[in-house]
Amino acid sequence: MNVVNSSASLWWREGVIYHIYLRSFADSNGDGLGDLPGLIAHLDHINGNPDALGVDALWISPPYPSPDKDFGYDVADYHNIDPRYGTLSDFDRLISEAHKRGMRVMLDLAINHTSDLHPWFLESRTSRHNPKRDWYLWRDGRSSGRPPNNWQSVFGGCAWEWDQTTQQYYYHMFLKGQPDLNWRNPAVRKALMEMVRFWLDRGVDGFRLDVFNLWFKHPDFPDNPRRLGVRGFSRQHHLHDYDQPEMFDALAEFRSILDAYSQRAAVGETFGPDPWRAASYCGDDKLHMAFSFEFTECPWQPAAFLKAIQRWEKALEGVGWPCYVLSNHDRPCRHASRYGGRYPDAVAKVAATLLLTLRGTPFLYYGEEIGMPNVPLRRSQLLDPVSRRYWPFLSRDSGRAPMQWNTSPNAGFTTGKPWLPVHPGYHERNVAAQREDPLSVFSFYRDLIRLRRRSLALRKGSYTPLTSHPTRGLAYLREAPEEQALIGLNFSHRPFRLRLDYDLIAEDWAVALSSLSDSTAVIAGGEIKLGPHEAVVFLRG
Ligand code: NOJ
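Residues numbered from 1 in each chain as written. Predicted model: local features only at pLDDT ≥ 70, side-chain atom pairs only at ≥ 80, totals over all residues. Heavy atoms only, no water.

J.: It is not clear to me how the side chain of Glu368 should be interpreted in this structure. Could you clarify?
T.: Within the element layout of this structure, Glu368 appears in the loop between β11 (361-365) and α13 (385-390). Buried within the structure, Glu368 lacks any salt-bridge partner; Arg334 is the closest side chain of opposite charge, at an N-O distance of 6.3 Å. Setting aside chain neighbours within four positions, we find Glu368 in contact with Arg334, His335, Leu355, Phe363, Val441 and Tyr445. (Helix = DSSP H or I, 4+ residues; strand = E, 2+ residues; numbered from the N terminus. Buried < 20%, exposed > 50% of the residue type's maximum accessible area, 1.4 Å probe, protein only. Lys, Arg positive; Asp, Glu negative; His and termini not counted. Salt bridge = Lys/Arg side-chain N within 4 Å of Asp/Glu carboxyl O. Contact = heavy atoms within 4.5 Å.)

Laid out in structure tokens, this is it:
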């Protein structure tokens with residue numbers, strides 16, 4: 001199927017989106033870094049044939065030229081591909097090969113800041129009178145050599161860097177190698193919007209916007225008020241360094257560009273934990289979706305997930321469409337490691353069922369379909385500056401290890417030296433082995449995605465929780481006019497009967513899928529009988 005010519009609507013609402021951390025997915029040339037040809041060679045794993053995972057869209061981490069101070073999130077040229085990842089024609093080939101396999105492609109756009117090696121910044125820092133000076137946020141210091149205000153970098157330390165040549169400070173919310181752009185300068189905005197068109201014209205189907213709600217800062221740069229907190233960044237109320245109202249006008253312009261093309265969509269990475277804030281950025285003249293990351297903070301307790309779902313549903317009521325994520329390249333811990341314990345595969349299947357059966361768009365992180373855990377790393381093996389700074393409390397590197405394809409050296413990821421160590425357990429846990437095993441995590445993901453694809457209730461139905469005070473399990477209903485789905489999840493390793501809120505729930509349900517091969521799940525007397533760590537989807541209608 002060629003998705004671009006198909007009339008399928010709202011792929012971003014009904015589909016499943018797969019997040020590829022490009023440098024860790026598949027290396028084609030033995031330099032130890034994943035690349036575009038490597039990804040293209042592995043597209044059949046993801047979709048385009050009956051044995052594939054079956055997702056609908058890919059989100060590719062930034063492939064642009066970058067000095068990699070923040071591993072691609074410091075862009076040095078927005079109109080090109082880093083030669084280590086391939087070429088623009090490889091990128092065009094990726095789009096056409098993905099489309100042939102029924103998948104859309106979303107590109108990561110990191111436009112809050114550039115690299116300090118971007119030509120715009122190199123010009124900007126040459127003199128106070130350079131035409132590009134105002135493309136970034138330059139300010140004089142306060143008296144006695146103090147920076148312009150008290151704003152902190154989220155990666156640690158002061159957010160202002162002194163420039164000896166021009167005797168001013170520039171602002172960087174992240175690393176000092178990532179100077180923030182001045183979104184209030186119309187020339188900056190124009191250049192960025194033209195760049196958005198450049199990629200849309202190449203056939204990109206959408207974008208993941210990196211920290212879009214940081215684009216604007218208060219024009220007067222006042223100090224943030226102080227608050228109690230454990231480290232610099234959390235010791236302030238961030239009233240002035242992000243979430244400024246001017247954002248809405250910029251989002252509306254961005255959205256109007258997308259809407260001038262057919263079926264394009266954007267999901268925003270909302271900076272900050274509050275789902276209400278994330279919801280405020282969704283809508284017809286804003287983003288299609290914004291992430292709320294509450295699931296990535298939930299302990300393995302049904303009540304915690306229920307609370308996060310209820311908050312997200314409430315926040316989005318009438319304004320937006322939910323999306324859910326359990327792991328990504330910024331979270332210090334993949335969920336297989338966060339929750340796995342003694343029963344990693346069983347837990348991975350319950351988590352997958354939750355992610356893929358809620359009302360909303362599921363985002364999978366590469367490798368979660370085989371239950372990939374975090375790779376254990378010593379401090380000396382860390383590359384990410386944030387991981388090095390906060391080790392052992394936080395290591396983003398641990399969740400970014402190479403994909404485990406098969407049992408050949410380096411898990412089939414590279415013939416060279418992988419940029420990060422491969423997990424030593426790859427001989428047992430890899431794609432090839434799990435494809436052969438009908439009871440594997442991979443087989444379960446594939447079956448679940450197939451079920452989701454053919455079920456209107458799962459793709460479009462309303463959501464009603466059925467367990468208001470859950471202790472060991474969760475249940476909820478998904479209802480479309482033509483079909484209903486009832487999902488039951490046992491978070492524990494003991495069989496039990498999950499009491500539903502409504503005694504009168506009908507009993508003529510058929511099991512469509514269970515995570516247990518010997519399931520005896522049944523709905524009777526207002527209860528669901530569940531086996532150990534069982535995830536079950538019943539259908540009716
Ligand atoms: C969010 C990205 O996901 C993260 O990886 C990056 O370090 C920061 N934004 C800065 O771009």
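On we go from here.
J.: Can you help me understand the pattern of salt bridges in this one?
T.: Pairing of side chains with opposite charge becomes possible as their charged atoms draw close. If you walk through the whole model with that rule in mind, you get 38 salt bridges. Across the pair Arg359 and Glu313 runs a salt bridge whose closest N-O atoms are separated by 3.0 Å. Of this pair, Arg359 sits in the loop between α12 (344-357) and β11 while Glu313 is found in helix α10 (residues 302-316), placing the two residues 46 residues apart along the sequence. With a shortest N-O distance of 2.6 Å, Arg540 and Asp508 are connected by a salt bridge. Of the two residues, Arg540 sits in strand β19 (residues 535-540) while Asp508 sits in the loop between β15 (496-499) and β16 (510-514), which places them 32 residues apart along the sequence. On the basis of relative accessibility, which here comes to 52%, the residue Asp508 falls in the exposed class.

J.: Is there a simple way to explain the side chain of Ser66 in this structure?
T.: Counting through the fold element by element, Ser66 comes out in the loop between β2 (57-60) and α4 (88-100). The residues touching Ser66, leaving out its near neighbours within four places in the chain, are Gly72, Asp74, Ala76, Asp82 and Arg84.

J.: How should the packing of aromatic side chains be read in this particular structure?
T.: By convention here, two paired aromatic rings are described through the distance between centres and the angle between planes. Evaluated as defined, the whole model comprises 42 aromatic pairs. Each ring, one from Trp59 and one from Phe363, has its centre 6.1 Å from the other, and the planes form 75 degrees; the classification is edge-to-face. Here Phe363 lies in strand β11 and Trp59 lies in strand β2, a separation of 304 residues in the sequence. For the pair formed by Trp59 and Phe363, the shared burial category is buried. Note on Trp138 and Tyr170: the rings are 5.5 Å apart at their centroids and 70 degrees apart in plane angle, and the pair reads as edge-to-face. Here Trp138, found in strand β4 (residues 138-139), pairs with Tyr170, found in strand β6 (residues 168-171); they are 32 residues apart in sequence, far enough to count as distant. The pair formed by Trp138 and Tyr170 is uniform in burial state, with each residue classed as buried. (Phe/Tyr/Trp six-rings, centres within 6.5 Å; stacked < 30°, edge-to-face > 60°.)

J.: Looking at this model, I keep getting lost on the sheet that holds strand β14 (residues 483-490). Mind explaining?
T.: Working definition: the strands of a sheet are paired by backbone hydrogen bonds and lie parallel or antiparallel to each other. Strands sit in the order β12-β13-β14-β19-β16 across an open sheet of five strands; the sheet is antiparallel. Bordering the open sheet on either side are β12 (462-465) and β16, each of which pairs with just one other strand. The mean angle between the axes of side-by-side strands here comes to 25 degrees, regardless of whether they run parallel or antiparallel. Note that β12 and strand β13 (residues 473-480) share four bridges and pair antiparallel. In the strand pairing of β13, Ser462 is matched with Glu479. Those strands touched by α12 are β13, β14 and β19, and its axis lies near 150 degrees from that of β14. (Pairing = 2+ DSSP bridges. Axes fitted to C-alpha atoms, helices over the stretch in contact; angles between N-to-C directions.)

J.: How should helix α7 (residues 247-259) be read in this particular structure?
T.: Each full turn of the α-helix corresponds to 3.6 residues, which orients residues three or four apart in the same direction. The end-to-end C-alpha distance of α7 is 18 Å, a good match for the 18 Å that 13 residues give at a rise of 1.5 Å each. Of the positions making up α7, those classed as buried are Met247, Ala250, Leu251, Phe254, Arg255, Ile257 and Leu258. The arc enclosing the buried residues of α7, seen along the axis, measures out at 155 degrees, which places them on a common side. Its buried side turned inward, α7 meets β3 (104-109), α6 (186-201), β7 (206-209) and β8 (265-268). (Expected span 1.5 Å × (residues − 1). Arc of directions from axis to C-beta.)

J.: Sorry, what's going on with the site of the ligand here?
T.: Around the ligand, a shell composed of 14 residues is seen, among which Asp70, His113, Asp210, His329 and Asp330 lie nearest. A distance of 2.8 Å separates an oxygen atom of the ligand from a polar side-chain atom of His329. Of the residues contributing to the shell around the ligand, the split by class is four nonpolar, three polar and seven charged. (Near = heavy atom within 4 Å. Polar contact = N/O pair within 3.5 Å; in protein donor to acceptor, adjacent residues only side chain to side chain. Nonpolar A, V, L, I, M, F, W, Y, C, P; charged D, E, K, R; others polar.)

J.: Explanation requested: the sheet that holds strand β18 (residues 527-530) in the structure shown.
T.: Pairing is antiparallel in the open sheet, where three strands are placed in the order β15-β18-β17. Each edge of the open sheet carries a strand with a single partner, namely β15 and β17 (522-524). Between one strand axis and the next, the sheet turns by 30 degrees as a mean value, whatever way the strands run. As paired elements, β15 and β18 share four bridges and run antiparallel to each other. Bridging across to β18, Arg499 finds its partner in Glu527.

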